[in-house]
Amino acid sequence: MDALELLLNRRSIAKLSAPAPEGKALENIIRAGLRAPDHAGLTPWRFVISQGSGLNKLSDILVKAAVEDKSDDTVIEKVKNAPFRAPMVITVIAKVTEHEKVPAFEQHLSAGCAVQAMQMAAVAQGFQAFWRSGKWMFHPTVHKAFGLEGEDEIVGFLYLGTPGCTPMKVPERDLSKFVEYL
Ligand SMILES: Cc1cc2nc3c(=O)[nH]c(=O)nc-3n(C[C@H](O)[C@H](O)[C@H](O)COP(=O)(O)O)c2cc1C
């Protein structure tokens, strides 16, 4: 797929089926994440892959946090089912190293760039991916389960799989509303 065509036309599809990317395709996705811009070469990324029983583990972690927060049954049911919207979820973590020139903010941004690079690499290979967040990714119990320390953050859950439909059309946007010149 042409790179510019992909950049201009990518859309998310919010429910994905098997197969998830594997082998070389998955490796390409991870390698695309590892090409995120990286100030001072700190490599501030961790990618935790859940599939199969891993999705159950992710579900358990989210449910534990929701129960601790005394969430109602509807919320608990929602978080319980969330990981199963695709056959694979990659939890993307900004692993922050203290550095005098590179604040945590930049390292969080770098991990965010990794998410989009992986999403693009998935689409480029015929898969699909959608990015989800939610308050649970900031929850101390979820942080503990993923071994976060200090200023580390979960920047997103990237759901990956095979689309069952074609993505919606890209919305028309008036460039003049977004672009200014100094
Ligand atoms: C950091 C981040 C977190 C997001 N979290 C959610 C989310 O939790 N739920 C959701 O519906 N969309 C979320 N989105 C937006 C979707 O991933 C998606 O971009 C949006 O639905 C627009 O669709 P499109 O990608 O086809 O333009 C998030 C986007 C970003 C950048």
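Look up a bit, the structure's there.
Throughout what follows, the structure given in this document is the object of discussion.

Calculation criteria
Residues numbered from 1 in each chain as written. Predicted model: local features only at pLDDT ≥ 70, side-chain atom pairs only at ≥ 80, totals over all residues. Heavy atoms only, no water. Helix = DSSP H or I, 4+ residues; strand = E, 2+ residues; numbered from the N terminus. Buried < 20%, exposed > 50% of the residue type's maximum accessible area, 1.4 Å probe, protein only. Near = heavy atom within 4 Å. Polar contact = N/O pair within 3.5 Å; in protein donor to acceptor, adjacent residues only side chain to side chain. Areas by Shrake-Rupley, 256 points an atom, 1.4 Å probe, with all protein chains shown as cover. Nonpolar A, V, L, I, M, F, W, Y, C, P; charged D, E, K, R; others polar.

Phi is mostly negative for residues that are not glycine, and the peptide bonds are mostly trans. Omega for the peptide link from Ala 18 to Pro 19 comes to 0 degrees, which places this bond in the cis form. Considering the arrangement of structural elements, one finds Pro 19 in the loop between strand S1 (16-17) and helix H2 (23-33). Its identity as a non-glycine residue notwithstanding, Ala 40 has a phi of 70 degrees, on the positive side. Secondary-structure assignment places Ala 40 in the loop between H2 and strand S2 (45-51). A residue is classified by how much of its surface remains accessible, and Ala 40, at 46% relative accessible area, is partly exposed. The backbone phi angle of Lys 70 is positive, close to 55 degrees, even though this residue is not glycine. Structurally, Lys 70 can be placed in the loop between helix H3 (53-68) and helix H4 (73-81).

Let us now look at the site of the ligand. In the vicinity of the ligand, the contacting residues are Arg 10, Arg 11, Ser 12, Trp 131, Arg 132, Ser 133 and Gly 134. The separation between an oxygen atom of the ligand and a polar side-chain atom of Arg 11 is 2.7 Å. One of the backbone N or O atoms of Trp 131 is found 2.8 Å from an oxygen atom in the ligand. Computed on the free molecule, the ligand has an accessible area of 620 Å², of which 53% lies beneath the protein chains in the complex. Here the residues of the shell around the ligand are counted per class, giving one nonpolar, three polar and three charged.

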